[in-house]
Amino acid sequence: ERDFEEAFLGESQDFYRMESTSRLSHAASTLGSSDDATNSANLQNDDGASKPAAKYSAMEYVHRARSRLDEEKTRASLLDLPAQTKSALLRIVETELIERHAKTLVEMEGSGFASILKVVASSPAVGSVAAASAGNRRGAAASAGMSGSGDTNGVVIDRDRIADLASVYELFSRVPSSVNHLRDALGERVRLDGRSLVRDQETGVAPPAAFVKGVLDMRERFAAVVGDAMRGEKKAQKRMREAFEDFLNADARAANCLAVYVDELLRAGLRGADERRVARELDRVIVIFRYLADKDVFEAYYKNHLAKRLLGNKSGSEEAERAMVSLLKAECGYQFTSKLEGMFNDMRISKETAEKYRAHKKQMVNATADARDAENGGKPVDVEVSVLSNSHWPSQNVEPCILPTAVGAAMDRFQKYYLTTYTGRKLSWQTSTGSAEIRANLPPAKGSSKPRRHDLSVTTYQMCILVLFNVRDSLTLKQIREETHIPEDELRRHLVSLCTPKHRILRKGSKGKGISGDDDTFTYNADYTSKMTRVKVPMVSMRDATGSSSGSAAASGGNGGEGSAAAAASSRAGLVDGSSSVPITVEEDRRHLLEAAIVRIMKARKMLNHNDLVAEVTRQLSGRFVPPPQFVKKRVESLIEREYLERDEGDRRVYRYMA
């Protein structure tokens, strides 16, 4: 019996080795071989028909291998082989058909696991021309009784190819060590596609929001591969997560772009959406957020965009805004979102204060008139003030400009009311983030006696500029600068925005987009006209206004403080949309957080070696960012210099806390 078993198993091993090697060696060869070579490569099918081996794809091999395994199980049962012999036989078949050729089946050009994975990953997004064509093909296939592709969250998922991948995984799972090849192929595909998206963003082919949309679509497709084809295997999920983290955390770009994507989503993308869609879209964002190492970079950009949305009343849905903050709080804790929640609270209190101030003004209707209101025809300027806490909002650090007299009077009245109502507080005006509505009364059009009127929606800076032309028809750049104290770059940008062909409220003396110099003149345009009575004047980019690239990120609308000095302040702080670098303000915060963590740890442990300190600091701060070891070392050296820590005399790599 033992001699038979050895001979039987040996013959079976030789047979399957020859068959599998023959099939795959010919399958890997080119299809353009000579007739004689093709005929010599013919293999017999079960039905006796002859098929050229060169036409066996990886998937055909997989299905053939599964049939062979089933045949051997059936044969072993019919022959009533001993359990030990049956087990040994199946191990041989699995080794020869699967384990020996696993790498080949993954890498086979055109039909291997990696090639099919590439097809799944490159399915067109819903809404594209390619997707429409694919949809037409699927419709035709469905009418003929064939299966087609499905879609998830607007992403085309090729279900037929997913089924092929599932067949490969099912076969490979018989030999657990072979599944590593599938995981490797999955990780490599994610990295390749991810780096391609990063390159597109770097070169300007894809704007920040498009980059994130590409990442979200990628994640949907690969999640389908792992969940459906690989049965949600934990190791495959881990490999996919590591691959996403690898390309997303190469620099700070992904955190920046994700904040821009969320900004666009909350401005208009979710406007009018039902609760289920809002939850679905925000959950997709949080999945990508979990991959980020630079969560503090995302927070800085998110807070900056949130401030613009709140101050400019640009949020599409307050419920969606609060839902996003709640999700961030669930992920990172209260400390991460405390300032964001404080911003919402400030806006709520500001609305209540505005209501009370309006009631106060009605009571003061018979108060003594302010001579400064004469500039506004004797009528007080109606002002709405948002009172913000310094600790919650992004710092602007922009000097206030010189406001029109009537506006200054209105602000003084509000300040007097506020400081009387809330004692012990101090107001610091941020004129760079304001907006205004002013009425332009223009001469009648030809053939009409009726004066033309337009209500202009502008930034505070534009208001200050336009009011100067109430008393003079023409001013130079130097004169406007001296009378408004608007920062130079912002002054140029706001002036150019008022001289664009579509909104030529002022005429510029020099030709071209930019401003030639201090003597360049600006003249009131009495012929300005628009089809609309209410006109919103948009802002040009800083690049168009100054001819430099320093403000390339700023190109947004003019209302609500957007596109004004707030954008320049963000740029100075390093908050430039699409940038791959860590903002200056975030670098400073990291330094303080890291030093505080080191002191806290050392105060509790008293003595610790360098490697243990680095590991503990990284563990504590990983919820916000992952500090590089060199960064930790520099902060430790700084703390030693300031006598918070000292080195142990016996071991220089051991630190002691100095009380």
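Worth saying up front: this structure is predicted, and the values here are computed from it rather than measured.

A. A look at the packing of aromatic side chains. Under the counting rule described, the total for this entry stands at 12 aromatic pairs. Geometrically, the ring pair formed by Phe244 and Tyr291 is stacked, given 5.1 Å between the ring centres and 10° between the ring planes. Separated by 47 residues along the polypeptide, Phe244 in helix H11 (residues 234-248) and Tyr291 in helix H13 (residues 275-291) bring together distant segments of the chain. By the burial criterion, Phe244 is buried, and Tyr291 matches it.

B. How the structure looks around helix H4 (residues 83-97). In this model H4 runs 21 Å from its N-terminal to its C-terminal C-alpha over 15 residues, within 8% of the 21 Å that 1.5 Å per residue would give. The set of residues buried in H4 consists of Thr85, Ala88, Leu89, Leu90, Ile92, Val93, Glu94, Glu96 and Leu97.

C. Examining the nonpolar core more closely. Within the largest apolar cluster, 100 residues are counted, with the highest numbers of intra-cluster contacts made by Phe172, Phe244, Phe298, Tyr302 and Met324. Looking at which element gives the most residues to this core, the answer is helix H10 (residues 208-229), with 11 residues. Filtering out sequence-adjacent residues up to four positions away, Met324 remains in contact with Val262, Leu266, Leu282, Val285, Ile286, Phe298 and Tyr302. Val398, Leu403, Val467 and Tyr528 belong to the second-largest nonpolar core, a separate cluster that totals 35 residues.

D. Region of interest: the sheet that holds strand E9 (residues 521-524). An order of E7-E9-E8 is seen for the 3 strands of this open sheet, with the pairing classed as antiparallel. The two strands at the open ends of the sheet, each matched to only one other strand, are strand E7 (474-476) and strand E8 (506-508). With direction set aside, neighbouring strand axes in the sheet form an average angle of 25°. As defined by bridge partners, E7 adjoins E9 across 3 bridges and the pair is classed as antiparallel. Opposite Thr476, over in E9, you have Thr521 as the bridge partner.

E. Up close: the pattern of salt bridges. One pass over the full model with this rule turns up 45 salt bridges. Between Glu71 and Arg68 there is a salt bridge whose closest N-O contact spans 3.0 Å. With Glu71 and Arg68 both in helix H3 (residues 58-78), this residue pair falls 3 residues apart, about one helical turn. A salt bridge links Asp251 to Arg253; the nearest nitrogen and oxygen atoms lie 3.4 Å apart. Each of Lys213, Asp217, Glu220, Glu281 and Arg284 takes part in a single network of salt bridges with overlapping partners.

What counts and how
- Residues numbered from 1 in each chain as written.
- Predicted model: local features only at pLDDT ≥ 70, side-chain atom pairs only at ≥ 80, totals over all residues.
- Heavy atoms only, no water.
- Phe/Tyr/Trp six-rings, centres within 6.5 Å; stacked < 30°, edge-to-face > 60°.
- Helix = DSSP H or I, 4+ residues; strand = E, 2+ residues; numbered from the N terminus.
- Buried < 20%, exposed > 50% of the residue type's maximum accessible area, 1.4 Å probe, protein only.
- Expected span 1.5 Å × (residues − 1).
- Core = buried A, V, L, I, M, F, W, Y, C linked by side-chain atoms within 4.5 Å.
- Contact = heavy atoms within 4.5 Å.
- Pairing = 2+ DSSP bridges.
- Axes fitted to C-alpha atoms, helices over the stretch in contact; angles between N-to-C directions.
- Salt bridge = Lys/Arg side-chain N within 4 Å of Asp/Glu carboxyl O.

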